[in-house]
Amino acid sequence: MYKSDYLKNTNSNALSSDDIKKLVKYANSKNINIIPDLDSPSHAGAILAALSVSHPDVYASVVMGNDTSTMDYSKTESVTLMSELYSEVAKLFNGQSYQAMVIGGDEVPGNNDLYSSSLVPFFNKMADIISSNKYAPILWNDSILKTDVPKLNKNLSIYYWSQAGHASGQELIDRNTYRARVSDFTSNGINVINANDYANTYQLKNIGNAGDESYFYNYLKDTSKPSLFNEVVDGETQWWTPEITGHQGMVIS
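Throughout what follows, the structure given in this document is the object of discussion. (Residues numbered from 1 in each chain as written. Predicted model: local features only at pLDDT ≥ 70, side-chain atom pairs only at ≥ 80, totals over all residues. Heavy atoms only, no water.)

Comments concerning helix H4 (residues 76-92)
Part 1 of the reasoning: With 17 residues, H4 should cover 24 Å at 1.5 Å per step; its first-to-last C-alpha distance of 25 Å lies within 8% of that length.
Part 2 of the reasoning: Along H4, the positions that sit buried rather than exposed are Ser 78, Val 79, Leu 81, Met 82, Leu 85, Tyr 86, Glu 88, Val 89, Ala 90 and Leu 92. (Helix = DSSP H or I, 4+ residues; strand = E, 2+ residues; numbered from the N terminus. Expected span 1.5 Å × (residues − 1). Buried < 20%, exposed > 50% of the residue type's maximum accessible area, 1.4 Å probe, protein only.)

Considering the sheet that holds strand E5 (residues 136-140)
Part 1 of the reasoning: Strand order in this open sheet of 5 strands is E1-E4-E5-E6-E7, and the pairing throughout is parallel. Two strands in the sheet have a free side with no partner beyond their single neighbour: strand E1 (37-40) and strand E7 (191-194). The mean inter-strand angle of the sheet, taken between neighbouring strand axes irrespective of direction, is 30 degrees.
Part 2 of the reasoning: Sitting on the sheet, H4 is in contact with E1 and strand E4 (100-104), with an inclination near 175 degrees to E1. (Pairing = 2+ DSSP bridges. Axes fitted to C-alpha atoms, helices over the stretch in contact; angles between N-to-C directions. Contact = heavy atoms within 4.5 Å.)

A look at the packing of H4 against helix H5 (residues 112-132)
Part 1 of the reasoning: Contact pair H4 / H5: the axes reach a minimum separation of 10 Å and the direction vectors enclose 30 degrees. Regarding the angle of H4 to H5, the classification is roughly parallel. Relative to H5, the crossing made by H4 is right-handed. On H5, the residues touching Ser 78, Val 79, Met 82, Ser 83 and Tyr 86 of H4 are Phe 122, Lys 125, Met 126, Ile 129 and Ile 130.
Part 2 of the reasoning: Here the contact of H4 with H5 is built from residues that sort into 7 nonpolar, 2 polar and 1 charged. (Parallel < 35°, antiparallel > 145°, perpendicular 65-115°, else oblique. Left-handed = near helix turned anticlockwise from the far one by under 90°. Nonpolar A, V, L, I, M, F, W, Y, C, P; charged D, E, K, R; others polar.)

Section: the side chain of Gln 96
Part 1 of the reasoning: Considering the arrangement of structural elements, one finds Gln 96 in the loop between H4 and E4.
Part 2 of the reasoning: Setting aside chain neighbours within four positions, we find Gln 96 in contact with Val 24, Asn 28, Ile 32, Asn 33 and Ile 34.

Re the packing of aromatic side chains
Part 1 of the reasoning: With the rule as written, the count across this model stands at 5 aromatic pairs.
Part 2 of the reasoning: Where Tyr 160 meets Phe 185, the ring centres are 6.3 Å apart and the plane angle is 75 degrees; that geometry is what we call edge-to-face. Of this pair, Tyr 160 sits in strand E6 (residues 157-160) while Phe 185 sits in helix H7 (residues 182-186); the two residues are 25 residues apart in sequence, bridging distant segments of the chain.
Part 3 of the reasoning: Take Phe 185: its relative accessible area is 0%, and that puts it in the buried class.
Part 4 of the reasoning: The interplanar angle of 90 degrees and the centroid separation of 5.9 Å between the aromatic rings of Tyr 160 and Phe 229 together place this pair among those described as edge-to-face. Taken together, the residues span a long stretch of sequence, with Tyr 160 in strand E6 and Phe 229 in strand E8 (residues 228-233) at a distance of 69 residues. (Phe/Tyr/Trp six-rings, centres within 6.5 Å; stacked < 30°, edge-to-face > 60°.)

Structure below.
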């Protein structure tokens with residue numbers, strides 16, 4: 001969390017501009033690059049909550065109906081808002097040897113027609129905004145349709161966490177049919193970074209639990225591979241689908 005000049009959020013746990021600049025300087029001394037993640041249009045509840053107080057008129061124009069955690073990605077006002085915030089964040093994390101920013105894009109409400117007509121153009125505009133700030137834009141994979149991959153901004157890289165998301169039943173079958181696989185991205189010249197939902201996430205609450213730590217460590221050592229992704233095969237979610245790709249590495253969060 002950070003204290004945004006535009007949002008005027010006052011959470012006492014949020015990092016100030018000075019805090020972030022000091023963090024970036026310290027990370028540089030350790031040869032670490034920090035990649036900020038500012039999610040849009042979904043998982044934006046904290047942004048929208050602050051916005052409703054500081055800019056209630058803007059809030060009313062960007063919130064997606066009754067969904068107070070999602071921006072309406074069909075509105076130009078949402079693009080304007082995120083342009084403001086991404087430019088703000090870019091200034092805070094400047095000065096790193098490799099500069100990238102995650103723009104979100106996962107678990108976005110909507111249907112296939114809305115994704116094609118409004119979501120992909122929204123992502124492409126976000127990628128342009130971030131690129132103009134001299135950052136590499138990164139997008140989560142699961143809201144992208146197979147047919148829309150060729151339309152994506154080629155500056156984007158993909159964090160591939162899951163084709164299925166948390167779907168089941170007919171929705172899972174539909175995702176297998178319509179949502180992009182790893183090969184759809186790579187065959188269209190878009191970099192893929194393995195962010196397997198099952199394999200590459202360790203929750204801080206489990207630190208100190210010997211069983212959890214041992215399981216996760218042994219999984220990474222013995223099972224996890226950069227070529228194993230979370231995709232749907234034969235109507236079922238498979239955590240370890242092998243994909244032969246020119247992917248760009250792995251994420252552990």
